[in-house]
Amino acid sequence: MPEQRKTVTSLPENSETPLDELRGWLTPTRLFFVRNHFDMPHVSQASWRLQVGGCVKQPLSLTYEDLQALPERSVLATMECAGNGRSFLKNKAAGVPWGAGAIGHAEWTGAPLRIILEQANLKPETLEIVFEGMDEGSEPDHLDTMHFARSLPLEKALDPDTLLATRMNGEPLEPIHGFPVRLLVPGWYGVASVKWLHKIDAVSQPFRGYYQSVKYTIQRRTGTGLQTQVVGPMAVKSEILRPREAEVLGLGTNRLFGVAWAGADPVTRVEVSWDGGQTWTGADLIGPQAPYSWTMWEYLWEVANPGEYTLVVRAVSAAGQVQPLGHDAGNGGYLIHHSRPRVTRVERSRRVFDQRASADLLMYDMAAFAEENRRLPLDVELAFSEGEGI
Ligand SMILES: Nc1nc2c(c(=O)[nH]1)N[C@H]1C(S)=C(S)[C@@H](COP(=O)(O)O)O[C@H]1N2
Ligand SMILES: [Mo]
């Protein structure tokens, strides 16, 4: 059977990327995790319009063809759900019980959002931009029907890397990933990247939608009381891909392998420990590195004695953020980015090259992708018209 996403809930679909099956830097679209709050909306490409309004001097109504005629840009970005890893929490948190796979890395292509905001001519009082998806439904604590909607601060909305993405890994968006167009907010948790976009509004007051004031928020205790923080930029984190869960290793050189990411911030160091975090050694960062993309790491681990080892990996970002060893309870069911120890058995009878072969294949696929990718215009320079009132 070909690899497929791992179903967590089927109606609506919430499913994970099968991290065990990943054989390259880029996540194939068919394996890329899915996070849906409501049933997938029915979209007719012909009658679909993107309405741009609110605090603008020039409201717009764009067709799919209008969007496709705009200058495009491609951005490689890792997208992670803010609740990824929730099932590992000792204190159970409400929400989809994700394992480790609510994450993927893809190439996203589309017009920078900035271009159409400039066409719409924002009024000077604009504070945020609100994005609404076509999907709608209710929640147990919000019985009125609502659309999925989120906002971005103006600065992030105007970033040339924030896209109206119409393609994912070079192909038109799959319906489940937001066809005809989704927002792509690189470096931020997936919740910001609204799918099935049909409405964009400039607003002069902070947006207080359900998925921004009730869900996807963190309550922080400060000197003056509780402060609500909206889930935004991704935190520093790493994942072990090899050895797999419950995989048994042999004496000799074993290749430890995985990925690490820190949102828009590059990962500068990955450290491994095989004694449960008492001693640490630097791993090698390997393969391509790009802004917003996860970085692969490996460590050739010499093992002389059979036994049970507790592997732990932690990443450090360029800004000096260190992946924590425990969950910050203040984050509740979001930003679950602590290292998860992986207890691994090493046996005398096991032949080491059994598992090295799979790591070699993985490196081969990754190198082939990097080669292929050299031909893609990853950093197209765009000339922006000077918009009034921005
Ligand atoms: N319209 C709409 N956009 C949405 C969502 C949604 O339910 N509806 N889920 C968000 C969340 S929480 C995540 S993590 C990402 C997941 O994107 P994917 O399903 O393409 O992986 O989409 C975001 N955009
Ligand atoms: Mo999410």
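Quick note: structure is the one above.
Heads up: these notes are all about the structure in this document.

Attention shifts here to the side chain of Lys-156. Topologically, Lys-156 is positioned in helix H3 (residues 154-157). Of the side chains with opposite charge, Asp-159 lies nearest to the buried Lys-156, which makes no salt bridge, at 4.4 Å. Side-chain polar atoms of Lys-156 contact the backbone oxygen of Pro-186, separated by 3.1 Å. Not counting residues up to four positions away in its chain, the partners in contact with Lys-156 are Thr-162, Val-185, Pro-186 and Trp-188.

Another point: the site of ligand 1. Residues in contact with ligand 1 amount to 20 residues; listed here are only the nearest, Phe-33, Asp-135, His-177, Arg-182 and Lys-195. Taking Lys-195, its side chain carries an N or O atom lying 2.5 Å from an oxygen atom of ligand 1. Coverage of ligand 1 by the protein chains reaches 100% of its 530 Å² of free accessible surface. In this structure, ligand 1 is accommodated by the largest cavity. For the shell around ligand 1, the secondary structure elements donating two or more residues are strand S3 (34-35) and strand S8 (128-139). Looking at the shell around ligand 1 residue by residue, the classes come out as 10 nonpolar, 6 polar and 4 charged.

We now examine the packing of aromatic side chains. Tallying each qualifying case throughout the model produces 13 aromatic pairs. Geometrically, the ring pair formed by Phe-33 and Trp-98 is edge-to-face, given 6.3 Å between the ring centres and 90 degrees between the ring planes. On the criterion of sequence distance, the pair formed by Phe-33 in the loop between strand S2 (14-16) and S3 and Trp-98 in the loop between strand S6 (73-80) and strand S7 (103-112) is long-range, its members being 65 residues apart. On the basis of relative accessibility, which here comes to 4%, the residue Phe-33 falls in the buried class.

Looking now at the pairing of strand S16 (residues 237-242). Burial of S16 is extensive: 6 of the 6 residues sit out of reach of the surface. Where S16 lies against strand S18 (residues 252-261), 5 bridges are found, and the strand directions are antiparallel. Bridging from a neighbouring strand, Lys-237 pairs with Trp-261 of S18.

All right, on to the layout of surface pockets then. What the largest pocket holds in volume is close to 350 Å³. Along the wall of the largest pocket there are 21 residues; nearest its centre are Arg-35, Arg-86, Gly-95, Val-96 and Lys-215. By volume, the second largest pocket amounts to about 280 Å³. What lines the second largest pocket is a set of 13 residues, and nearest its centre among them are Leu-89, Lys-90, Asn-91, His-327 and His-338.

We now examine the sheet that holds S8. Backbone hydrogen bonds are what pair the strands of a sheet, in a parallel or an antiparallel way. Reading across the sheet, the 5 strands line up as S5-S4-S13-S8-S9 and stay open at both edges, with mixed pairing between neighbours. If you trace the sheet from one side to the other, it starts and ends with strand S5 (60-62) and strand S9 (142-153), each paired once. Strand-to-strand twist across the sheet, computed as the mean angle between neighbouring axes with direction ignored, equals 25 degrees. Examined bridge by bridge, S8 and strand S13 (residues 197-203) share 6 bridges and lie antiparallel to one another. Note that in S13 the partner of Ile-129 across the bridge is Ala-202.

So, about the sheet that holds S2. Sheet architecture is open: 3 strands sit in the order S1-S2-S3, paired in antiparallel fashion. Two strands lie at the open edges of the sheet, namely strand S1 (6-9) and S3, each paired on one side alone. Where S2 meets S3, 2 bridges bridge the pair, whose relative direction is antiparallel. Looking across to S3, one finds that Asn-14 is bridged to Arg-35.

Analysis parameters
- Residues numbered from 1 in each chain as written.
- Chains lettered and ligands numbered in written order.
- Predicted model: local features only at pLDDT ≥ 70, side-chain atom pairs only at ≥ 80, totals over all residues.
- Heavy atoms only, no water.
- Helix = DSSP H or I, 4+ residues; strand = E, 2+ residues; numbered from the N terminus.
- Buried < 20%, exposed > 50% of the residue type's maximum accessible area, 1.4 Å probe, protein only.
- Lys, Arg positive; Asp, Glu negative; His and termini not counted.
- Salt bridge = Lys/Arg side-chain N within 4 Å of Asp/Glu carboxyl O.
- Polar contact = N/O pair within 3.5 Å; in protein donor to acceptor, adjacent residues only side chain to side chain.
- Contact = heavy atoms within 4.5 Å.
- Near = heavy atom within 4 Å.
- Areas by Shrake-Rupley, 256 points an atom, 1.4 Å probe, with all protein chains shown as cover.
- 1 Å grid on protein atoms, 1.4 Å probe; cavity = no way out; pocket = protein on both sides within 12 Å on 5 of 7 lines; lining within 4 Å.
- Sits in = over half its atoms within 2 Å of the grid points.
- Nonpolar A, V, L, I, M, F, W, Y, C, P; charged D, E, K, R; others polar.
- Phe/Tyr/Trp six-rings, centres within 6.5 Å; stacked < 30°, edge-to-face > 60°.
- Pairing = 2+ DSSP bridges.
- Points joined across faces, edges and corners; volume = space filled by probe spheres on them.
- Axes fitted to C-alpha atoms, helices over the stretch in contact; angles between N-to-C directions.

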